[in-house]
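# Understanding the architecture of this molecule
So the chains spell out like this:
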Amino acid sequence: MTTELGLPETIQACLFDLDGVVTRTAVVHAAAWKEMFDAFLREREGPGFRPFDPVADYDEYVDGRPRADGVRTFLESRGIRLPEGGPGDPPDAETVHGLGNRKNDLLLEKIRTDGVEAYDGTLRYLRAVRARGLRTAIVSSSANCRDVLRAIDAEPLFDVRVDGVVAAERGLPGKPRPDTFLAAARDLGVPAGRAAVYEDALAGMDAGRAGGFGYVVGVDRVGQTDALYAHGADRVVKDLDELMGEEK
Ligand SMILES: [Mg+2]
């Protein structure tokens, strides 16, 4: 193990998820999804509708996935199919992309009102990683990744960014497929087996396992340690701080 970073010595690059790992935005995403889905379900099924669960449904069907995949996967779990539509659909369109855009409007409104907060433990860990000469990437399904990083002045901490915008440009499928993480490792010039993945989403764990990465760290912010291990984590921590200063 690399003492100080809690990683195998073979690791040369670290690939970080954004929402829930670097920033406290996973809960903001979950709240925006809930507001959007509950309004949709209430209108469709009446006041007896079963609400979106911001922990269980969010973890299982939405977290970590590209926006349209999140809409489709959750609706499928309720036996609902909507037309796909397209990325330019207005937020009131009854389509997968329309609902996705409705959620994104709510998210941006919440971020504008409340701001974005970083996890200090992650920022300390990132600085330690870079001080030891390892390369870093941010790998997020979010199309708002760059704005969020700028809001917390964290853009310079990453050598490479593979986010929702880059994935769309390159035609990369999102998590739980490993393609965005693999692209980030390739951009850094490091084989997957020598890269570590840091993720809080179950879909992110699946991507880490499917990509054959050298080490997968699950970050448990909501009490889902067992599920993170079940989805392929090598190690689960509550905060990246815990990885630092370990002797092994
Ligand atoms: Mg996340």
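Residues numbered from 1 in each chain as written. Predicted model: local features only at pLDDT ≥ 70, side-chain atom pairs only at ≥ 80, totals over all residues. Heavy atoms only, no water.

It is common to report an interface's size as the accessible area lost on association of the parts. Examined at the domain level, the protein breaks down into domain 1 (2-24 + 116-243) and domain 2 (27-114). Here domain 1 and domain 2 have C-alpha centroids that lie 24 Å from each other. At the interface, 16 residues of domain 1 touch 14 residues of domain 2. Buried area between domain 1 and domain 2, both sides added, is near 1200 Å², and the carbon and sulfur share of it is 51%. In this assembly, domain 1 and domain 2 are joined by zero salt bridges. Taken together, domain 1 and domain 2 are joined by three residue pairs in polar contact (both at pLDDT 80 or more). (Domains from an automatic or database assignment. Contact = heavy atoms within 4.5 Å. Buried area = accessible area lost by both parts, 1.4 Å probe. Salt bridge = Lys/Arg side-chain N within 4 Å of Asp/Glu carboxyl O. Polar contact = N/O pair within 3.5 Å; in protein donor to acceptor, adjacent residues only side chain to side chain.)

We now examine the side chain of Gln224. Relative to the assigned elements, Gln224 resides in the loop between strand S5 (215-219) and helix H10 (225-230). When its relative accessible area of 9% is taken as the criterion, Gln224 is described as buried. Filtering out sequence-adjacent residues up to four positions away, Gln224 remains in contact with Asp59, Asp200, Leu202 and Val219. (Helix = DSSP H or I, 4+ residues; strand = E, 2+ residues; numbered from the N terminus. Buried < 20%, exposed > 50% of the residue type's maximum accessible area, 1.4 Å probe, protein only.)

Time to look at the nonpolar core. Formed by 56 residues in total, the largest nonpolar core has its most connected members in Leu7, Phe16, Phe37, Leu75, Tyr125, Tyr198 and Leu240. Examining the composition of this core, we find that nine residues originate from one element, helix H1 (residues 26-45), more than from any other. Both domains that furnish three or more residues to this core are identified here as domain 1 (2-24 + 116-243) and domain 2 (27-114). Ranked by size, the runner-up nonpolar core spans 20 residues in total, among them Val139, Val160, Ala183 and Val190. (Core = buried A, V, L, I, M, F, W, Y, C linked by side-chain atoms within 4.5 Å.)

Now for the coordination of the magnesium ion. Those donors, Asp17 (OD), Asp19 (O) and Asp200 (OD), are the protein atoms that reach the magnesium ion, and they lie 2.1 to 2.2 Å from it. Mapped onto the polypeptide sequence, the residues donating to the magnesium ion form the spacing pattern D-x1-D-x180-D. No difference in accessibility class separates Asp17 from Asp19, as the two residues are buried. (Donors = N, O, S within 2.8 Å, 3.2 Å for Na, K, Ca; no water.)

Looking now at the packing of helix H3 (residues 67-77) against helix H4 (residues 96-114). It is the contact of H3 with H4, at a shortest axis distance of 9 Å, that shows an interaxial angle of 115°. As the angle between them shows, H3 and H4 are arranged roughly perpendicular. Crossing geometry of H3 relative to H4 is assigned as right-handed. Residues Arg67, Ala68, Val71, Arg72 and Leu75 of H3 touch H4, and the partners they reach there are Val96, His97, Leu99, Gly100, Asn101 and Asn104. Per-class residue counts for the contact of H3 with H4 are five nonpolar, four polar and two charged. (Axes fitted to C-alpha atoms, helices over the stretch in contact; angles between N-to-C directions. Parallel < 35°, antiparallel > 145°, perpendicular 65-115°, else oblique. Left-handed = near helix turned anticlockwise from the far one by under 90°. Nonpolar A, V, L, I, M, F, W, Y, C, P; charged D, E, K, R; others polar.)

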